[in-house]
Amino acid sequence: MSEVENQEVNDGKRNFNIESKVFSKAVDECFAGVIITDARLEDNPIVYCNKAFCEMTGYNPEEIIGRNCRFLQGPESSRDIIASIRNAIEKAEPIETKLVNYRKNGQPFWNKLLVSPVFDRDGKPAYFIGIQMDVTHEVETSRRFEKIKNEWIYTVDAIDDLILLTTTEGKILRVNKAVADLFGRNFKDIIGCSILELFDQASCEELELDKLFEVSKAEFTLGKNYYQISNHCISVCNPCGRQNQENICKNCGIKTESRRVHVIRNITEEKELNLRLEWLEKAFEQALDCVVITDINGFVEQVNKAFTERTGWQSHEIRGVNLFEVHFDPRYSKLIPEILSKVSKGEVWSGEYVSRGRNGNRHYEEASISSIKDKDGKIRKLLHIQRDVTERKRLEAIAADVNLAENIAYVFSGIRHEIGNPINTIKTILTVMRNNLHQWPKEKTAEYIETCLGEVERIEYLLKALKTFSIYEDLEVKSLKLYPFMEDFLKFIEKDFNRRGIQLSFQAEERCKKMEIKADPRGLYQVLLNIISNAIDALEGIEIPTVKIKLQRSGNKGVISIIDNGCGMSEAELKNVFKPFYTTKPYGTGLGLAISKKIVAKMNGEISILSEKANGTTVSLSFDLAQPY
Ligand SMILES: Cc1cc2nc3c(=O)[nH]c(=O)nc-3n(C[C@H](O)[C@H](O)[C@H](O)COP(=O)(O)O)c2cc1C
């Protein structure tokens with residue numbers, strides 16, 4: 001401000017005159033607050049204030065004149081700003097600033113303050129002019145705006161999708177944090193770049209890279225990831241930043257500029273999931289086995305092509321229908337409660353049943369039915385997989401028939417042989433006796449009769465053995481404490497073993513001593529006797545004949561092993577060992593092991609033999625455990 005002429009200071013405090021009336025009126029009526037301070041007086045007091053200043057601060061001129069303007073300050077007034085004003089005044093320099101002041105009623109307001117020195121003829125500051133304006137509204141509006149802007153930036157930065165604002169030519173104006181993170185570059189490096197340059201590694205099957213940012217939607221890959229881009233055109237007013245549909249900004253009245261917003265989403269997971277689903281769908285559809293998904297009660301939700309082809313049910317016809325009711329042959333419906341009880345415990349049911357198609361055609365199915373659980377482990381669906389084994393069953397039945405015919409022929413030839421031989425002998429003896437009836441002395445005849453009776457005995461023995469074959473038809477399978485049973489059995493055979501000089505040992509794992517198996521004690525006794533008697537025969541002529549009996553547990557089976565160090569068997573012998581009438585012993589019937597196998601099978605057990613010529617034999621019997629372990 002230029003030097004003010006015609007100023008008079010009367011008492012140095014209150015009588016400050018401005019000569020020009022026009023000028024005085026203008027300052028008095030000015031809408032901004034105006035004060036003048038006298039720099040030559042102690043503490044630079046106010047010597048003039050206009051109306052606007054009084055209105056703004058709420059004080060009368062009498063309360064203002066003579067005071068330093070700092071009386072307007074309070075707790076929220078910035079100490080730094082006050083220091084900068086003080087500094088400017090000391091240096092007699094103009095200053096423009098903003099700070100919080102307080103009205104007379106204590107209400108704070110933002111004061112935009114301009115202080116300028118007025119110099120005297122010697123160039124020393126004589127007065128200071130202060131112009132003040134209440135800018136509370138502007139400050140608060142701009143603060144609110146700043147807050148909203150920051151909140152918006154943080155929001156956009158928190159989004160995982162990439163967001164880019166570009167010019168229509170593709171020059172990047174703004175990006176969110178996700179863009180900076182993806183490219184490992186900071187905002188400064190990205191802003192101003194071309195979007196094409198930034199995405200130059202991207203590739204899109206259907207489009208040229210430059211078109212990627214122009215079309216409304218497209219997919220592309222970058223590195224190993226899949227992305228989906230959507231591009232939007234907007235019209236922005238440069239000065240106020242507002243978005244406008246029109247070409248002219250409603251706010252500023254000036255022409256708007258076109259911008260593009262590109263939103264890019266990483267869809268890799270979605271894409272991979274879709275691909276996986278596609279393959280699963282294909283596997284489901286193309287599987288040769290029937291695959292059906294039902295709810296937990298068996299109501300059909302989904303079937304594959306194999307199912308519709310085999311049963312004749314179309315997907316839409318069978319959906320919502322109970323699979324157990326329509327698909328199971330009624331003869332097998334008794335299986336349903338067992339299936340449902342098993343799968344409801346999360347176990348897998350597997351077994352065979354006969355199915356019924358739409359037009360009544362029947363198939364043998366080998367099926368497994370299992371539960372499908374949700375993420376919380378709750379059973380939600382059932383998965384039925386069915387394999388058509390009709391053809392296999394037919395072939396098996398043919399094979400079984402052939403086998404049976406073969407076996408019957410074998411058995412008949414055995415009987416023919418075993419009974420035919422003694423009958424032949426008897427016939428020959430009787431013929432010889434008839435021819436010599438009168439010449440032979442009584443003693444010789446008696447000798448021949450004895451031989452005949454011997455042969456009859458042999459036939460009787462054979463018939464007895466055949467009886468044993470059917471004696472064990474009705475076995476009573478029950479829980480059997482194996483260890484004490486074996487101890488009894490050993491006591492029974494011990495004496496015979498001692499007499500024959502065979503060493504007998506019995507070993508049982510500790511955990512087997514309380515083991516209970518499912519068996520019929522009478523049947524098991526017979527089987528053990530057969531095996532032991534075979535072992536005794538095999539030990540004939542062995543230097544230190546030994547038989548070891550062991551009890552073991554294998555999974556949910558109890559196993560009895562009888563191990564001898566006898567003559568063993570060749571592979572060929574081993575192959576025929578369970579055939580009736582097959583025997584390597586001169587006086588055996590060849591029925592012992594055949595009977596044993598039948599008895600063990602009746603008890604749901606298994607018998608297996610390991611043997612090597614001259615190296616002993618191990619016979620193992622395994623039975624289901626009575627209690628689960
Ligand atoms: C002409 C003039 C007008 C001023 N107006 C104000 C004002 O409106 N509000 C304010 O807080 N300070 C104002 N000041 C500043 C104070 O009067 C004072 O100079 C400031 O508080 C720094 O000095 P201090 O540290 O001694 O208080 C003005 C100063 C001058 C010279």
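Look above for the structure.
The present account deals with the structure reproduced in this document. (Residues numbered from 1 in each chain as written. Predicted model: local features only at pLDDT ≥ 70, side-chain atom pairs only at ≥ 80, totals over all residues. Heavy atoms only, no water.)

**Focus: the overall build of the protein chain**
If you tally the helices and strands in the protein chain, you get 20 helices and 24 strands. In terms of C-alpha radius of gyration, the protein chain reaches 56 Å, well past the compact-globule figure of 25 Å for 629 residues. Counting only C-alpha atoms, the protein chain reaches 190 × 60 × 45 Å along its principal axes. Relative to its full complement of 629 residues, the protein chain shows a buried share of 37%. Within the protein chain, contacts between residues separated by at least 24 positions form 52% of all contacts whose residues are at least 6 apart in sequence. (Helix = DSSP H or I, 4+ residues; strand = E, 2+ residues; numbered from the N terminus. Rg over C-alpha atoms; globule rule 2.2 N^0.38 Å. Buried < 20%, exposed > 50% of the residue type's maximum accessible area, 1.4 Å probe, protein only. Contact = heavy atoms within 4.5 Å.)

**Let's talk about unusual backbone geometry**
Of note in the backbone geometry, Asn 604 takes a positive phi value of approximately 65° without being a glycine. One can find Asn 604 in the loop between helix H20 (592-602) and strand E23 (606-611). Backbone geometry at Ala 614 places phi at a positive 70°, although glycine is not the residue there. Locating Ala 614 in the fold gives a position in the loop between E23 and strand E24 (617-624). When its relative accessible area of 60% is taken as the criterion, Ala 614 is described as exposed.

**Focus on a nonpolar patch on the surface**
Nonpolar side chains collect at one region of the surface, where Leu 273, Leu 277 and Leu 280 lie side by side and expose about 300 Å² of accessible area between them. Tracing the backbone through its elements, the reader meets Leu 273 in helix H10 (residues 268-286). Overall, the relative accessible area of 43% leaves Leu 273 in the partly exposed class. (Patch = residues over 30% accessible without salt bridge, like charges linked within 9 Å, V, L, I, M, F, W, Y side chains within 5 Å. Areas by Shrake-Rupley, 256 points an atom, 1.4 Å probe, with all protein chains shown as cover. Salt bridge = Lys/Arg side-chain N within 4 Å of Asp/Glu carboxyl O.)

**Examining the sheet that holds strand E22 (residues 557-564)**
Taken in spatial order, the five strands make up an open sheet running E19-E21-E22-E24-E23, and their pairing is mixed. The open sheet has two edge strands, strand E19 (503-508) and E23, and neither has a second partner. Put simply, the sheet's adjacent strands are angled 15° from each other on average, direction ignored. Relative to E22, strand E21 (residues 546-554) is paired through eight bridges, and the arrangement is antiparallel. (Pairing = 2+ DSSP bridges. Axes fitted to C-alpha atoms, helices over the stretch in contact; angles between N-to-C directions.)

**What about the site of the ligand?**
Around the ligand there are 21 residues in total, and Asn 68, Arg 70, Arg 86, Asn 101 and Gln 132 lie nearest to it. In this structure, an oxygen atom belonging to the ligand sits 2.6 Å away from a side-chain N or O atom of Asn 68. Between the ligand and Arg 70, the relevant distance is 2.6 Å, taken from an oxygen atom to a side-chain nitrogen or oxygen of the residue. In isolation the ligand exposes 620 Å². Once the protein is present, 91% of that is buried. Listing elements by their share of the shell around the ligand, those giving two or more residues are strand E3 (33-38), helix H4 (79-90), strand E5 (95-102), strand E6 (108-119) and strand E7 (125-134). Of the residues contributing to the shell around the ligand, the split by class is eleven nonpolar, eight polar and two charged. (Near = heavy atom within 4 Å. Polar contact = N/O pair within 3.5 Å; in protein donor to acceptor, adjacent residues only side chain to side chain. Nonpolar A, V, L, I, M, F, W, Y, C, P; charged D, E, K, R; others polar.)

Everything listed here is a matter of geometry and, on its own, says nothing about what the molecule does.
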